[in-house]
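Here's the letter readout for the chains.
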Amino acid sequence: MRSTALSPSGCWRCSAWPRSSDSTSFPRIRNWHDLNFYRPDAKVRHKHIDSLFDDNVIDWALIERHWKDLLRTGISIREGRLSSVTLLRRLGNHSKRNRIYKALRELGRVVRTVTLLRYLSEPELRVQITAITNRTEAFHGFATHLMIGGRLIGHNDPDYQERVVKFNELIANCAIYSTALDITDAANALAAEGHLVDPDDLATVSPLITRTLRRFGDWHLDLTPPKDVVATRLDLAPGALFPTTPV
């Protein structure tokens, strides 16, 4: 599986876990002067970028020694036997003496160094990271608009914080889904009336619209399925989306 995860500056723990769980993390890179590149071996030297690495060297023996522990922890999280909240609690208490902490830190240094080198050498990757980051930040801004009670969570319980974030994102996704259905109905109506729908114009229409939302209106929970089938497909006539004749 290939996924794109975003973190402020490539946190080593954020970098380590996706690799051990068979995915790839591509954070947006900030504050380059604070980031360290790690050599695979103390004897390795690079012709053009050697000054980036200083004397930092990966401890491969540490990763190999605790590799099975990392796999067991990753599988436990994937299977739901260990929650991420519990793991963060364990890593937050006297973490520097924890073998999982040390192995994760070292593995994260490996993954982050590879990611930084790819970021420098692959323009397409930089474009991809920027586009997805902008999209993600737009969603976060939309979800923040729906965060009733302020942006700060006034509670230190990680379980409570996780519920607040999940419920906030659930409301945001419901609002986006409703707006997307309205956009779909409008596009289908235009096509049914014989209007040409320009794909470039349609691509610029975003469902992250806040001016039509009543944040402090009446909230009614209705679990009854709708009677009519919801239109989720753009039913554009042939030639409406991609006209074959000049207009």
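Assigned secondary structure in the protein chain consists of eight helices and zero strands. In the protein chain, the succession of α and β elements from N to C terminus is α-α-α-α-α-α-α-α. Within the protein chain, the proportion of its 247 residues that are buried is 28%. Of the contacts made within the protein chain by residues no fewer than 6 positions apart, 66% connect residues no fewer than 24 positions apart.

Overall, the coordinates contain one aromatic pair when judged by the stated rule. Their ring planes at 65 degrees and their centres at 5.6 Å tell us that Phe-37 and Phe-53 sit as a pair that is edge-to-face. Separated by 16 residues along the polypeptide, Phe-37 in the loop between helix H1 (12–20) and helix H2 (60–65) and Phe-53 in the loop between H1 and H2 bring together distant segments of the chain. A relative accessible area of 1% means that Phe-53 is categorised as buried.

For the coordinates displayed, the defined rule picks out seven salt bridges. Among the salt bridges present, the one from Arg-99 reaches Asp-69, with a minimum N-O distance of 3.1 Å. Here the residue Arg-99 occupies a position in helix H5 (residues 99–121), and Asp-69 occupies one in helix H3 (residues 67–78), the gap between them amounting to 30 residues. Take Arg-99: its relative accessible area is 47%, and that puts it in the partly exposed class. For the salt bridge of Glu-106 with Arg-109, the shortest nitrogen-to-oxygen distance reads 3.0 Å. Taken as a pair, Glu-106 and Arg-109 lie in helix H5 at a separation of three residues, close to a single helical turn.

Of all residues in the protein chain, 80% have pLDDT values of 70 or greater, and the mean over the chain is 78. Per-element confidence in the protein chain is highest for H2, whose mean pLDDT is 94, and lowest for H1, whose mean pLDDT is 48. This model gives residues 1–14 a pLDDT under 50, and the stretch forms 41 contacts once residues within four places in sequence are excluded. Overall, residues 240–244 carries pLDDT values under 50, and its contacts beyond four positions in sequence, including any with other chains, amount to nine contacts.

Empty space within the second largest pocket amounts to approximately 610 Å³. Considering the residues around the second largest pocket, the lining is formed by 17 residues, among which Ile-171, Cys-174, Ala-175, Trp-219 and His-220 are closest to the centre. Class assignment of the residues belonging to the lining of the second largest pocket gives a composition of nine nonpolar, five polar and three charged.

Grouped together as the largest cluster of nonpolar side chains are 14 residues, with contacts concentrated most on Ile-58, Ile-63, Leu-70, Leu-91, Ile-100, Leu-104 and Leu-107. Elements with a minimum of two residues in this core: helix H4 (84–92) and H5. Per element, the largest residue contribution to this core is seven residues, and it comes from H5. In this structure, Phe-142, Ala-143, Ala-175 and Ile-176 belong to the second largest nonpolar core, which totals seven residues.

A separate point is the packing of H3 against H5. Axis separation between H3 and H5 bottoms out at 10 Å; the angle between their running directions is 95 degrees. Regarding the angle of H3 to H5, the classification is roughly perpendicular. Across the interface between the two elements, Trp-67, Asp-69, Leu-70 and Thr-73 of H3 pack against Arg-99, Ile-100, Ala-103, Leu-104 and Leu-107 of H5. The residue inventory of the contact of H3 with H5, partitioned by class, reads six nonpolar, one polar and two charged.

On to a nonpolar patch on the surface. Together, Ile-148, Ile-171, Phe-216 and Trp-219 make up a nonpolar patch on the protein surface, roughly 460 Å² of accessible area in all. Mapped onto the elements of the fold, Ile-148 is located in the loop between helix H6 (123–145) and helix H7 (158–192). For Ile-148, a relative accessible area of 47% translates into the label partly exposed.

Rules used throughout
- Residues numbered from 1 in each chain as written.
- Predicted model: local features only at pLDDT ≥ 70, side-chain atom pairs only at ≥ 80, totals over all residues.
- Heavy atoms only, no water.
- Helix = DSSP H or I, 4+ residues; strand = E, 2+ residues; numbered from the N terminus.
- Buried < 20%, exposed > 50% of the residue type's maximum accessible area, 1.4 Å probe, protein only.
- Contact = heavy atoms within 4.5 Å.
- Phe/Tyr/Trp six-rings, centres within 6.5 Å; stacked < 30°, edge-to-face > 60°.
- Salt bridge = Lys/Arg side-chain N within 4 Å of Asp/Glu carboxyl O.
- pLDDT = per-residue confidence, 0-100.
- 1 Å grid on protein atoms, 1.4 Å probe; cavity = no way out; pocket = protein on both sides within 12 Å on 5 of 7 lines; lining within 4 Å.
- Points joined across faces, edges and corners; volume = space filled by probe spheres on them.
- Nonpolar A, V, L, I, M, F, W, Y, C, P; charged D, E, K, R; others polar.
- Core = buried A, V, L, I, M, F, W, Y, C linked by side-chain atoms within 4.5 Å.
- Axes fitted to C-alpha atoms, helices over the stretch in contact; angles between N-to-C directions.
- Parallel < 35°, antiparallel > 145°, perpendicular 65-115°, else oblique.
- Patch = residues over 30% accessible without salt bridge, like charges linked within 9 Å, V, L, I, M, F, W, Y side chains within 5 Å.
- Areas by Shrake-Rupley, 256 points an atom, 1.4 Å probe, with all protein chains shown as cover.

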